[in-house]
Amino acid sequence: MRRRPRTAAAVLLGLLLTLIAASPALAAGYRYWSFWDGAGGTWAYATQGPSTARPADGTVYGFRFSVSKDAAAEAARPRAAADFEAVCAGTPAADGKKRVAVVLDFGVPEDAPGGERPPQDAPRTACAQVAPEATAAEALASVAKPLRYNGAALLCGISGYPRTGCGEPIADPEPGAAAPSASASASASGSASAPAGSGGPSAGLVAGIAAVVAVAAAGVWQSRRRGR
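Conventions used here
- Residues numbered from 1 in each chain as written.
- Predicted model: local features only at pLDDT ≥ 70, side-chain atom pairs only at ≥ 80, totals over all residues.
- Heavy atoms only, no water.
- Disulfide = S-S within 2.5 Å.
- Helix = DSSP H or I, 4+ residues; strand = E, 2+ residues; numbered from the N terminus.
- Polar contact = N/O pair within 3.5 Å; in protein donor to acceptor, adjacent residues only side chain to side chain.
- Core = buried A, V, L, I, M, F, W, Y, C linked by side-chain atoms within 4.5 Å.
- Buried < 20%, exposed > 50% of the residue type's maximum accessible area, 1.4 Å probe, protein only.
- Contact = heavy atoms within 4.5 Å.
- Arc of directions from axis to C-beta.
- Phe/Tyr/Trp six-rings, centres within 6.5 Å; stacked < 30°, edge-to-face > 60°.

Across all of its chains, the model carries 2 disulfides by this definition. Within the chain, bonded cysteines paired by disulfides and numbered along the sequence follow the pattern 1-2, 3-4.

Relative to the elements of secondary structure, Arg64 occurs in strand β3 (residues 59–68). A polar side-chain atom of Arg64 sits 2.7 Å from the main-chain carbonyl oxygen of Arg77.

The next point concerns the nonpolar core. Among the nonpolar cores identified, the biggest contains 22 residues, and Phe63, Leu104, Leu140 and Ile158 are the most heavily contacted of them. Among the elements of the structure, β1 (29–37), β3, β4 (98–105), β5 (124–130) and α3 (136–143) are those that each provide at least two residues to this core. Discounting chain neighbours no more than four positions away, the residues touching Leu104 are Phe63, Pro123, Arg124, Leu140, Ala144, Ile158 and Ser159. Tyr30, Trp43, Val60 and Phe84 belong to the second largest nonpolar core, which has 14 residues in total.

Glancing now at α3. Every buried residue of α3 is accounted for by Ala136, Ala137, Ala139 and Leu140. Buried residues of α3, seen end-on, are gathered within an arc of 160° and therefore sit on one face of the element. Buried-residue contacts for α3 involve β1, β3, β4, β5, β6 (148–149) and β7 (155–157).

So, on to the packing of aromatic side chains. Taken as a whole and judged by the stated rule, the model has 7 aromatic pairs. Considering the side-chain rings of Trp33 and Phe106, the 5.5 Å spacing of their centres and the 80° angle between planes classify their relative orientation as edge-to-face. Linking Trp33 in strand β1 with Phe106 in the loop between β4 and β5, this pair joins segments that are 73 residues apart in sequence. For Trp33, a relative accessible area of 0% translates into the label buried. Relative to Tyr45, the ring of Trp36 has its centre 5.1 Å away and its plane inclined at 75°; by these criteria the two rings are edge-to-face.

No statement about biological role is implied by the geometric values presented.
Right, dumping it as structure tokens:
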């Protein structure tokens with residue numbers, strides 16, 4: 001009878017190892033367009049997605065394509081300043097319109113999908129002049145078409161780049177292989193095209209482990225009761 005708790009513990013360990021091995025959280029990063037708020041002249045990972053954010057006149061938003069970790073602190077920021085005046089100085093204010101400075105950073109060749117290359121090396125800027133109720137996504141669409149979305153309404157491509165893919169995980173490199181670019185320092189909240197769920201794949205892993213632990217713990221407890 002004493003073997004049952006040990007058997008249950010062994011099953012638990014096996015399930016945990018299986019979950020960890022299968023989890024996409026082990027990826028080195030994700031290739032996607034991240035979304036940035038330039039309030040105060042400093043880039044900060046946006047707390048809303050571009051389809052829900054409704055900027056005021058004078059707002060600066062940035063979009064950066066890169067291979068980045070699924071975490072705001074490790075995502076690659078736009079390589080141009082968050083400077084509204086520098087972008088929109090030549091666009092005078094107009095009645096019934098608001099101005100939104102948009103910075104597009106297509107990233108570096110090392111982060112490009114296979115067979116593609118960033119359309120330009122330096123970041124591009126544009127001053128979007130849109131209706132007062134327009135979202136950040138609508139401001140982007142006014143200056144950077146064509147945009148590409150996936151079935152979950154995540155932004156996958158800006159100005160046609162990249163042609164394919166959307167937030168795909170990038171696996172850890174094999175020993176001796178080239179690592180992701182150092183420039184690759186996601187929710188639909190802080191990312192324009194982060195992996196679906198945007199809370200990060202690690203959240204799914206934690207939930208799965210918690211469920212397995214709960215079930216296995218109940219089994220161990222039951223086994224111990226029966227063995228008394």
